[in-house]
Amino acid sequence: MRMMNIALPKGRLGDKAYAVLARAGYACPAIGEDSRQLTFVSPDRSVRYFLVKPADVAIYVERGAADVGIAGKDILLEYAPDVYELLDLGMGRCRMCVAGPKGFADDHARTLRVATKFPHIAARHYSARSREIELIHLNGSIELAPIVGLSDVIVDIVETGATLRENGLDVLEEIVPISARLIANKTAFKFKREEIRTLAERTQRSLAGKPA
Ligand code: PRP
């Protein structure tokens, strides 16, 4: 059996996804230890995990540094990587939304200023509506932008809605539901087909609460 390289997002989603993979028979106990290590090989040498920034998972998989990875649908929609999407893991559920001040009325006589971490998703959303916008590409704390007058609205992820609520903002439009996906490199899917299919099947069983 050839070793599979798996790109895992660092953080809460990665922890959950790893728990599912571990139950599926791909445990690597060292991963739970508190360290700065970024790669982990399982004791049976069936898999090697890479810990990467969530937004970078698709790049590792598209370029073949990782054979498979766990990426949010938001990242897949934003970067449109040339990869296979094998499985919806049903975790990391949230919604991509337009949000703004409560009661915001869009004045079509003016260009709409849109702040976001997802410029392609935002551009596609508004171009499909022939709405002229000015994109303001930020890296985080997006909810601040309309509050301080940097933008009129935001395009961002809403999970519990707490961040919007606590900042006096409302969902104005839902763009698309988001969840985590198991993705695969296209070439690896040919050459490690058996290993990758087995991983996808076992992961699906693990998600359903069945033993590996
Ligand atoms: C994300 C997103 C929202 C928030 C939504 O931010 O950009 O700000 O979570 O979650 P909620 O609906 O449960 O409040 P993240 O925590 O990734 O931080 P960021 O500000 O650095 O983007």
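None of these values were measured; they are calculated from a predicted model. (Residues numbered from 1 in each chain as written. Predicted model: local features only at pLDDT ≥ 70, side-chain atom pairs only at ≥ 80, totals over all residues. Heavy atoms only, no water.)

### Overview of the overall build of the protein
1) Next: Scanning the protein from terminus to terminus reveals 8 helices and 11 strands.
2) Next: Referenced to the eigenvectors of the C-alpha coordinate spread, the extents of the protein come out at roughly 60 × 35 × 30 Å.
3) Next: In the protein, buried positions account for 43% of the 212 residues.
4) Next: When the accessible area of the protein is evaluated, it comes to approximately 11,300 Å², of which 50% is carbon and sulfur surface.
5) Next: The protein carries 30 positive and 27 negative side-chain charges, and their two centres are separated by 6 Å. (Helix = DSSP H or I, 4+ residues; strand = E, 2+ residues; numbered from the N terminus. Buried < 20%, exposed > 50% of the residue type's maximum accessible area, 1.4 Å probe, protein only. Areas by Shrake-Rupley, 256 points an atom, 1.4 Å probe, with all protein chains shown as cover. Lys, Arg positive; Asp, Glu negative; His and termini not counted. Charge placed at Lys NZ, Arg CZ, Asp CG, Glu CD.)

### Describing the site of the ligand
1) Next: Taken together, the neighbourhood of the ligand is formed by Lys117, Gly140, Ser141, Glu143, Asp156, Ile157, Val158, Glu159, Thr160, Gly161, Ala162 and Thr163.
2) Next: Residue Thr163 places a side-chain N or O atom 2.4 Å away from an oxygen atom belonging to the ligand.
3) Next: For the ligand, whose free accessible area comes to 490 Å², the fraction covered by protein is 65%.
4) Next: Mapped by element, the contributors of at least two residues to the shell around the ligand are β9 (153–158) and α6 (162–166).
5) Next: If one sorts the elements of the shell around the ligand by residue count, β9 sits on top with 3 residues.
6) Next: Residue classes in the shell around the ligand are distributed as 3 nonpolar, 5 polar and 4 charged. (Near = heavy atom within 4 Å. Polar contact = N/O pair within 3.5 Å; in protein donor to acceptor, adjacent residues only side chain to side chain. Nonpolar A, V, L, I, M, F, W, Y, C, P; charged D, E, K, R; others polar.)

### Things to note about the side chain of Glu195
1) Next: Relative to the helices and strands, Glu195 is located in helix α8 (residues 193–207).
2) Next: Ignoring sequence-local partners within four residues, the contact set of Glu195 consists of Met1, Arg2, Met4 and Tyr26. (Contact = heavy atoms within 4.5 Å.)

### Topic: the nonpolar core
Grouped burial of nonpolar side chains is what soluble globular proteins tend to show.
1) Next: Membership of the largest hydrophobic core comes to 27 residues, with the highest contact counts inside it found for Leu8, Tyr49, Leu182 and Leu199.
2) Next: Only β1 (4–9), α1 (12–26), β3 (47–52), β4 (68–72), β11 (180–184), α7 (186–191) and α8 provide two or more residues apiece to this core.
3) Next: Here this core takes 6 residues from α1, the largest share from any one element.
4) Next: Ignoring sequence-local partners within four residues, the contact set of Leu8 consists of Gly14, Ala17, Tyr18, Leu21, Ile31, Tyr49, Phe50, Leu51, Val52, Val57 and Ile70. (Core = buried A, V, L, I, M, F, W, Y, C linked by side-chain atoms within 4.5 Å.)

### Overview of the pairing of β3
1) Next: Examined bridge by bridge, β1 and β3 share 6 bridges and lie parallel to one another. Within the sheet, the bridge partner assigned to Asn5 lies in β3 and is Arg48.
2) Next: In the sheet, strand β2 (residues 39–41) pairs with β3 via 3 bridges, with the strands oriented antiparallel. Bridging across to β3, Val41 finds its partner in Arg48.
3) Next: Once β2 ends, the chain turns through 5 residues before running back antiparallel as β3, passing Arg45 with a positive phi of about 60 degrees. (Pairing = 2+ DSSP bridges.)

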